[in-house]
Structure formats: structure tokens, C-alpha cells
Amino acid sequence: MHASSALFAGHITTILTFEKNIFMYSSLIVQTEDHICTITINRPDKLNALNKTVIEELGAAIDDVNKNPEIRSAIITGSGPKAFVAGADISEFTSLSANGGKGLAQKGQDLVFSKIEQSTKPIIAAVNGFALGGGCELAMSCHFRVASDNAKFGQPEVNLGLIPGYGGTQRLVQLIGKGRAMELLMTGNMIDASTALQYGLVNHVISQEELLNKTKAILAIINSKAPLAVAACIKAANAVFDETKNGLALEIELFGKLFDTSDAKEGTAAFLEKRKANFTGK
Ligand code: COA
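The present account deals with the structure reproduced in this document. (Residues numbered from 1 in each chain as written. Predicted model: local features only at pLDDT ≥ 70, side-chain atom pairs only at ≥ 80, totals over all residues. Heavy atoms only, no water.)

**Regarding the overall build of the protein**
(1) Moving on: Scanning the protein for helices and strands turns up 10 helices and 13 strands.
(2) Moving on: With the C-alpha coordinates aligned to their principal axes, the bounding extent of the protein is approximately 60 × 50 × 40 Å.
(3) Moving on: Here the protein holds 282 residues, and 43% of them are scored as buried.
(4) Moving on: A separation of at least 24 residues holds for 64% of the contacts in the protein among residues at least 6 apart in sequence.
(5) Moving on: Across the protein, the centroid of the 27 positively charged side chains sits 3 Å from that of the 28 negatively charged ones. (Helix = DSSP H or I, 4+ residues; strand = E, 2+ residues; numbered from the N terminus. Buried < 20%, exposed > 50% of the residue type's maximum accessible area, 1.4 Å probe, protein only. Contact = heavy atoms within 4.5 Å. Lys, Arg positive; Asp, Glu negative; His and termini not counted. Charge placed at Lys NZ, Arg CZ, Asp CG, Glu CD.)

**A word on the nonpolar core**
(1) Moving on: Within the largest apolar cluster, 49 residues are counted, with the highest numbers of intra-cluster contacts made by Ile39, Leu58, Leu138 and Phe153.
(2) Moving on: By residue number, the principal contributor to this core is helix H1 (residues 52–67), which donates seven residues.
(3) Moving on: Leave out the neighbours within four places in its chain, and Leu58 touches Leu28, Ile39, Ile41, Leu50, Val112 and Leu138.
(4) Moving on: Core analysis: the second largest hydrophobic core is formed by nine residues, Ala126, Leu211, Ile218 and Leu219 among them. (Core = buried A, V, L, I, M, F, W, Y, C linked by side-chain atoms within 4.5 Å.)

**A few points about the site of the ligand**
(1) Moving on: In the neighbourhood of the ligand, 17 residues make up the surrounding shell, with Lys46, Lys82, Ala86, Ala88 and Ile90 lying closest.
(2) Moving on: Contacts to the ligand include Ile90, whose backbone N or O atom sits 3.0 Å from a nitrogen atom. (Near = heavy atom within 4 Å. Polar contact = N/O pair within 3.5 Å; in protein donor to acceptor, adjacent residues only side chain to side chain.)

**Re unusual backbone geometry**
(1) Moving on: Here His35, not a glycine, exhibits a phi torsion of approximately 70°, which is positive.
(2) Moving on: On the secondary structure map, His35 appears in the loop between strand S4 (28–33) and strand S5 (36–41).
(3) Moving on: Its relative accessible area of 29% is what places His35 among the partly exposed residues.

**Overview of helix H7 (residues 211–223)**
(1) Moving on: Here H7 spans 18 Å end to end across 13 residues, near enough to the 18 Å set by a 1.5 Å rise per residue.
(2) Moving on: All of the buried residues in H7 are Leu211, Thr215, Ile218, Leu219 and Asn223. Down the axis of H7, the smallest arc covering the buried residues is 140°, so these residues share one side.
(3) Moving on: Buried positions along H7 lie against S5, strand S6 (73–78), strand S8 (123–127), strand S10 (144–148) and strand S13 (204–206). (Expected span 1.5 Å × (residues − 1). Arc of directions from axis to C-beta.)

**A word on the side chain of Ser148**
(1) Moving on: Along the chain, Ser148 falls in strand S10.
(2) Moving on: Assessed through its relative accessible area of 0%, Ser148 is described here as buried.
(3) Moving on: With sequence-adjacent residues up to four places away left out, Ser148 is seen in contact with Val127, Asn128, Gly129, Ala193, Val205, Ile206, Ser207, Gln208 and Leu211.

**Notes on the side chain of Thr38**
(1) Moving on: As for its placement among the helices and strands, Thr38 is situated in strand S5.
(2) Moving on: Judged by its relative accessible area of 9%, Thr38 is buried.

**Thoughts on the pairing of S10**
(1) Moving on: Most of S10 sits out of view: five of its five residues are buried.
(2) Moving on: Neither face of S10 is open: one carries Phe144, Val146 and Ser148, the other Arg145 and Ala147, and all of them are buried.
(3) Moving on: As paired strands, S8 and S10 are joined by four bridges and run parallel to one another. Following the sheet pairing, Ile124 is matched in S10 by Phe144. (Pairing = 2+ DSSP bridges.)

**What to know about the packing of aromatic side chains**
(1) Moving on: If you walk through the whole model with that rule in mind, you get two aromatic pairs.
(2) Moving on: Relative to Tyr166, the ring of Phe113 has its centre 4.4 Å away and its plane inclined at 20°; by these criteria the two rings are stacked. Of the two residues, Phe113 is situated in helix H2 (residues 98–118) and Tyr166 in the loop between strand S11 (152–154) and helix H4 (168–176); the sequence distance between them amounts to 53 residues.
(3) Moving on: Between Phe255 and Phe259, the ring centres sit 5.1 Å apart and the planes meet at 80°, which makes this aromatic pair edge-to-face.
(4) Moving on: Here Phe255 falls in the exposed class, since its relative accessible area comes to 56%.
(5) Moving on: Residue classification places Phe259 among the partly exposed residues on the basis of a relative accessible area of 48%. (Phe/Tyr/Trp six-rings, centres within 6.5 Å; stacked < 30°, edge-to-face > 60°.)

**What about the pairing of S8?**
(1) Moving on: Among the five residues of S8, five are classified as buried, and the element is accordingly described as predominantly covered.
(2) Moving on: Because side chains alternate across S8, one face comprises the buried residues Ile123, Ala125 and Val127, and the other comprises Ile124 and Ala126, equally buried.
(3) Moving on: As paired elements, S6 and S8 share three bridges and run parallel to each other. If you follow Ile76 over to S8, its bridge partner there is Ala125.

What follows is the structure, given as C-alpha cells:
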């Protein structure tokens, strides 16, 4: 057993133990197997609510996903049978004023939510129960979502006199369209997994027992592709929602650049030689 500290954005988080590719943070379990890093938010007694510690540790874990060459993709999930994440930790709201609320949202978006969305390694949400408020926002910041059949989604912030602060008003509209998003935002109603599937909020619904296996199987397919091409897919698709970027121009640029990679040469040669490509990420 070891203890070490990771420095990020001016904060120190402590990795409590590290054994056999499992890092135990105080509120996360992070395990890497077959190049897939599974980040489990581990506060089941509070339905994995996102407090300051969880946000800071998630920020550190996502930085590691992007820096660690052993990791090709990641899963974010919640601990226990009941919740993915039941929202931001409401107990931390009581002392907040306007500036404090703004700071909380800004810090969360910078440290975690925008970083997940912009990660050039795929990060998928395996939603194993309630995904409410910040939990729904966390799932939506991932590149796509797989849900268990007991999952429930919602943005209930209006019940608290608030709105989402971790990107929910933007990403919900992007994912399910303005009318459905407006209804969920303004009513605070929850939807079940089959409605989320019908809305396009999740890609697959599966039993809770099979949730992680299904998500890992999808990532195994993605991990077998050329990593630079996968990264370019993420960058180009994200540009649709970035007003500072011309998505078609970016696609042309990325498409061109990939021709200079070894993997594009290998991929095209393998097709013509009727063999499996051996990608190296270069
Ligand atoms: N923040 C802080 N604590 C939370 C939480 C949150 N977002 N969501 C749940 N918890 C805590 C509860 O306070 C409770 O703690 P306690 O046992 O110390 O009292 C524990 O998690 C279990 O939750 P509980 O409400 O007893 O479970 P339930 O099955 O009756 O209800 C929910 C489940 C998800 C419907 C309910 O917990 C809920 O509405 N949570 C808040 C959802 C929300 O508004 N999220 C957006 C926040 S911005």
C-alpha cells in the first residue's frame, strides 16, 4: 500500500492506496484493465453526490486518463446499485452567494465537465441508476452514454430554485432537442431509461449486471481503431457545438493531417492486403 499526492490546478488530492492498477482516492476508485480506465465515484451513502472532493479528484483522474499512455479510453460510473450521481452535493449550497455559486460552476466546468468533453481519448458514461442534476450533466459531458434499465435522468434544479451549472442547459438541448430539454429543465421531471433511449440521451439500455461489460465491449472496438483517427472524430464532432470553429474546415484539416500518420498508411495497406491492421497510435 502506498500513499501519494497529485497536484492539479493549485489543489492537492491524495491517492490513498495503489495496488494492481487500482487507485483508491477518498471518493473515487480508479482501475485500469485492458487499456480501459474505469473511474467509479464512490460515495454510495450520499448517492455519489458531487462534492468539492469528488470534483477535484475527478479532475485529477481525467488528467491521468489523458496523460497516461497505457490508457486508451475511460468509463465513468457510480458505486452501488442505486445511483450514478444524484447531483451536486446540496449540503455545499447552503453557504453560497452569487459569487460563490458562479465560482462553483466555473470550477466544475473547468476541472471536469469541459475537460471530459474535450478529451481526445473516448470517455463513456455507464449510468447505473439516478443521474440527476450534476449527474445528468456528468453523463452528458461524456462522449456518449450506456444506461442500466433502472437508470433515471433529470435536471431537478428548479425544485431548489436553481438551474444546472455544469453545462446542463446547453448539452441537454444539444442531445435531445430544445422542446424536450425545455420541458425537462422547467418541470424538473425525471425520465426512465427507455424514454432516455427514445430521446437519444443514451445509446443503449442494458441490465445492471451487464452494464460495465457492454460498455467495455464497445470501448474494446474503439480501442482497436487508430487512436489519432478516434481523437480526430471527437475533435470534429465537438466542433458542431463550438461557435469559434468552422466544423467543415476543421474536418478537412484533420482528414488531411491523418494521411501523414503511420496508422493511415498501415490501415489502407492492411485493407488492400486483406489483413488486420496493426495500429500504433503514430
Ligand atoms: N446532495 C447531497 N446529498 C444527497 C443528494 C445530493 N444531491 N442526493 C441524495 N443525497 C443523500 C440524501 O440526503 C441521503 O443522505 P442521508 O441518508 O444522510 O439522509 C442519501 O443521499 C440517500 O438519499 P435519499 O433521498 O434518502 O434516497 P431516496 O431513494 O429516498 O431518493 C433521490 C433518491 C435521488 C430521489 C433523492 O435523493 C433526491 O431527490 N436527491 C436530490 C436530487 C437533486 O435534486 N439533484 C440535483 C442537485 S443540484
